[in-house]
Amino acid sequence: MAPRCWRWWHWSTWRRTRPPLPGSTPSRSRAPVGPDGCAGRPASAKCGGFRQRFSTQEQPPQICVVGSGPAGFYTAQHLLKHHPQAHVDIYEKQLVPFGLVRFGVAPDHPEVKNVINTFTQTARSARCAFRGNVVVGRDVAVPELRAAYHAVVLSYGAEDHRALEIPGEELPGVFSARAFVGWYNGLPENRELAPDLSCDTAVILGQGNVALDVARILLTPPEHLEKTDITEAALGVLRQSRVKTVWIVGRRGPLQVAFTIKELREMIQLPGTRPILDPADFLGLQDRIKDVPRPRKRLTELLLRTATEKPGTEDAARQAPASRAWGLRFFRSPQQVLPSPDGRRAAGIRLAVTRLEGVGEAARAVPTGDTEDLPCGLVLSSVGYKSRPIDPSVPFDPKLGVIPNMEGRVVDVPGLYCSGWVKRGPTGVIATTMTDSFLTGQMLLQDLKAGLLPPGPRPGYAAIEALLSSRGLGPMGPACLFLGLGEAGCRGSVPGQGCWEAPGEAAGSSGDAGTAGALSLDPSLAGTEGMLCRGEGPGSASRTLSHSCVACPPWHGALAASFPGPSACFPLAKGHPRQR
């Protein structure tokens, strides 16, 4: 069974599990943490303009957060900071935390992932616990969570992509950009994507930052990607790639692109490539950008210079030997994916030529009646994310793709809240999500203060753990320690359910965290069947443990931050009970 109960995961701060000395009483030593994360600050201290007073005699509120991306962690951070007794359990369907920060950020953008440091400070709190590998809505229902906790916050994001809804979308060779990003970042559910990069031309539909991320990864020389935390599997495919040209297609014009100047500048300076921009797309644009906001003006000016001016000496020298190219195609809307002659895969895309009605950001693209066909062997759709309904008991607006709410309070469901993209839609940056999540946390604490949440004690995770165990989904033992999360929640394995085994030991016999000892990855065993590691525990020398449910392909990307040196991705093996 895969690990569930993680307290803290970074290698350098593992809480070592050791047997107590004879006659001693086991204890948990941790520096006291104030409600704002600082020792010694009183519970009533004002922070960030939000002031609440809570009695130290009241029942500690048990709060559940569903989703461990930025929205989930920022919500938990606010709750822990502003309530001195609150306990927060963060549930996540993946084995590892941090959501799109881990699996959605391009591997050559490590600075974006620095926010993980903030989240790990929250995870260190004795009042916060990470419950990974639990699919809410399938393994446990939202009403069951509401019965176990005083409040439940849904922060599970937008885990689906918007469909193109055009003929041929189902053909091999057509992928969502979200799935492609998950593939090269080691997201377990996308590990078998297997994109065929033997074609000469790829088309990306959409002109946002994700579209440029995907284009950049497709065109970046493999020797540059080797220095990133991209997965070995993806790197191997990209080394064999024959893609020479990438078109990034948008329905509207240069003034409506959704990418930022940083991403554009990276594309322009990408080694071994040259940009292709049609100067006709920029006619009259210089006069129209005088009154636009400064960020949009700077972005458009860079597009204008790239399209209309001769490259400088440095740019010309870099582009002269370029064997690859990328281009922006404006005023084009996808109409149909064209099949190959045998109908077995994508061979091109038919684009409707558009014109704009209106001005600025609000301008709409309308078809002119003309079309053009663009040959390609790979089509990547990057037209946006969308949320899914999580549980029949939770209201959901399918048109807007959000949970109906008032400042984070789910409409007509007291004690249920939401934050992040599932609250407002897939817009904004991490800072936007932070503000949004803090507001949800503030509303929850106001309701708690006003007595609007259930009174009396709630069992919290103890009740959910019992439910999961009764459904054959109980937690793992030494796996938790192996992943660097201390002893929290490790109570042994369920015999016969794919637990850790050592040679000569029965299934489940090595499941106690107190006797398993600290486990570490043995890089020499990477790529073999199952997870192989070595552990040293009391009463044992070195032993090799294997887990029949966890595969260890020779990837180093998915958990690169968790291990010194090589690390691994942890997809579930086929036939695992959780793959039902």
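Before reading further, recall that the structure is shown in the block above.
Computed from a predicted model, the values in this text were never measured in an experiment.

Student: I tried to follow the overall build of the protein on my own but got confused; where do I start?
Tutor: For the protein, the helix and strand inventory stands at 17 helices and 23 strands. In the protein, which comprises 580 residues, the share counted as buried stands at 54%. A sequence separation of at least 24 residues applies to 71% of the contacts in the protein between residues at least 6 apart. Taken as a whole, the protein presents about 25,000 Å² of accessible surface, with 53% of it coming from carbon and sulfur.

Student: Please clarify how the environment of E465 should be interpreted in this entry.
Tutor: Take E465: it is sitting in helix α15 (residues 461-470). Look at E465 and you get buried, because its relative accessible area is 14%. In this structure the C-alpha to C-alpha distance between E465 and V140, which are 325 residues apart in sequence, comes to 9.9 Å.

Student: I would appreciate a short explanation of the sheet that holds strand β13 (residues 346-357) in the present structure.
Tutor: Working definition: the strands of a sheet are paired by backbone hydrogen bonds and lie parallel or antiparallel to each other. In spatial order, the strands read β12-β13-β14; together these three strands make up an open sheet with antiparallel pairing. The outermost strands of the open sheet, each flanked by one partner alone, are β12 (332-339) and β14 (364-375). Each adjacent strand pair in this sheet contributes to an overall mean axis angle of 20°, direction not counted. Pairing geometry for β13 and β14, over nine bridges, is antiparallel. The residue bridging R350 from the neighbouring strand is D373, located in β14.

Student: Explanation requested: the pairing of strand β10 (residues 273-276) in the structure shown.
Tutor: Regular strands have side chains that alternate between both faces of the sheet. Burial of the side chains of β10 is restricted to one face: T273 and P275 are buried, whereas none of R274 and I276 on the reverse face is. Pairing geometry for β10 and strand β11 (residues 324-329), over four bridges, is parallel. Bridging across to β11, R274 finds its partner in A325.

Student: Is there a simple way to think about the sheet that holds strand β15 (residues 378-381) in this case?
Tutor: Sheet architecture is open: six strands sit in the order β7-β15-β8-β9-β11-β10, paired in parallel fashion. Each end of this open sheet is capped by a strand with a single partner; those strands are β7 (174-176) and β10. Taken pair by pair, the neighbouring strands of this sheet meet at an average axis angle of 20°, ignoring direction. This element, helix α6 (residues 209-219), spans β8 (201-205), β9 (245-249), β10, β11 and β15 of the sheet and lies at about 175° to β9.

Student: Would you mind showing me how to read unusual backbone geometry here?
Tutor: Keep in mind that most residues, glycine aside, have a negative phi and that most peptide bonds are trans. With a phi angle near 55°, F331 is a residue other than glycine that sits in the positive phi range. Of note, F331 is situated in the loop between β11 and β12. The backbone of E407 sits at a positive phi, close to 55°, despite the residue not being glycine. Inspection of the secondary structure assignment puts E407 in the loop between β17 (405-406) and β18 (409-410). Judged by its relative accessible area of 47%, E407 is partly exposed.

Student: I tried to follow the packing of aromatic side chains on my own but got confused; where do I start?
Tutor: Geometrically, a pair of aromatic rings is defined through the distance of the ring centres and the angle of the planes. Scanning all chains against the criterion turns up 12 aromatic pairs. An angle of 45° between the planes, with centres 5.3 Å apart, marks the rings of F73 and F98 as tilted. Within this pair, whereas F73 is found in helix α1 (residues 70-82), its partner F98 is found in the loop between β3 (87-91) and α2 (99-103), the two being separated by 25 residues in sequence. What makes F73 buried here is its relative accessible area of 2%. Taking relative accessible area as the criterion, F98 reaches 0% and is therefore assigned buried. Among the aromatic residues, those joined into a cluster by ring pairs are F73, Y74, F98, F119 and F438. Its end group placed over the ring of Y461, R131 keeps NZ or CZ at 3.6 Å from the ring centre.

Student: I would appreciate a short explanation of the packing of α1 against helix α3 (residues 115-123) in the present structure.
Tutor: Geometrically, a packed helix pair is captured by the angle between its two axes and the distance between the axes. For the pair α1 and α3, interaxial distance at closest approach is 10 Å and the crossing angle is 45°. Classified by the angle their axes make, α1 and α3 are oblique. Crossing geometry of α1 relative to α3 is assigned as left-handed. Contacts between α1 and α3 involve P70, F73, Y74, A76, Q77 and L80 on the former and, on the latter, V115, T118, F119, T122 and A123. For the contact of α1 with α3, a count of residues per class yields eight nonpolar, three polar and no charged.

Student: I tried to follow the environment of C199 on my own but got confused; where do I start?
Tutor: You can see C199 is positioned in the loop between α5 (177-185) and β8. Exposure remark for C199: the relative accessible area of 14% places this residue in the buried category. Spatially, the C-alpha atoms of C199 and G377 are 5.1 Å apart, while their sequence positions differ by 178 residues. Setting aside residues up to four positions removed in sequence, C199 forms contacts with R242, V243, G377 and L378.

Rules and cut-offs
- Residues numbered from 1 in each chain as written.
- Predicted model: local features only at pLDDT ≥ 70, side-chain atom pairs only at ≥ 80, totals over all residues.
- Heavy atoms only, no water.
- Helix = DSSP H or I, 4+ residues; strand = E, 2+ residues; numbered from the N terminus.
- Buried < 20%, exposed > 50% of the residue type's maximum accessible area, 1.4 Å probe, protein only.
- Contact = heavy atoms within 4.5 Å.
- Areas by Shrake-Rupley, 256 points an atom, 1.4 Å probe, with all protein chains shown as cover.
- Pairing = 2+ DSSP bridges.
- Axes fitted to C-alpha atoms, helices over the stretch in contact; angles between N-to-C directions.
- Phe/Tyr/Trp six-rings, centres within 6.5 Å; stacked < 30°, edge-to-face > 60°.
- Lys NZ or Arg CZ within 6 Å of the ring centre and 35° of its normal.
- Parallel < 35°, antiparallel > 145°, perpendicular 65-115°, else oblique.
- Left-handed = near helix turned anticlockwise from the far one by under 90°.
- Nonpolar A, V, L, I, M, F, W, Y, C, P; charged D, E, K, R; others polar.

The analysis is restricted to geometry; functional conclusions fall outside its scope.
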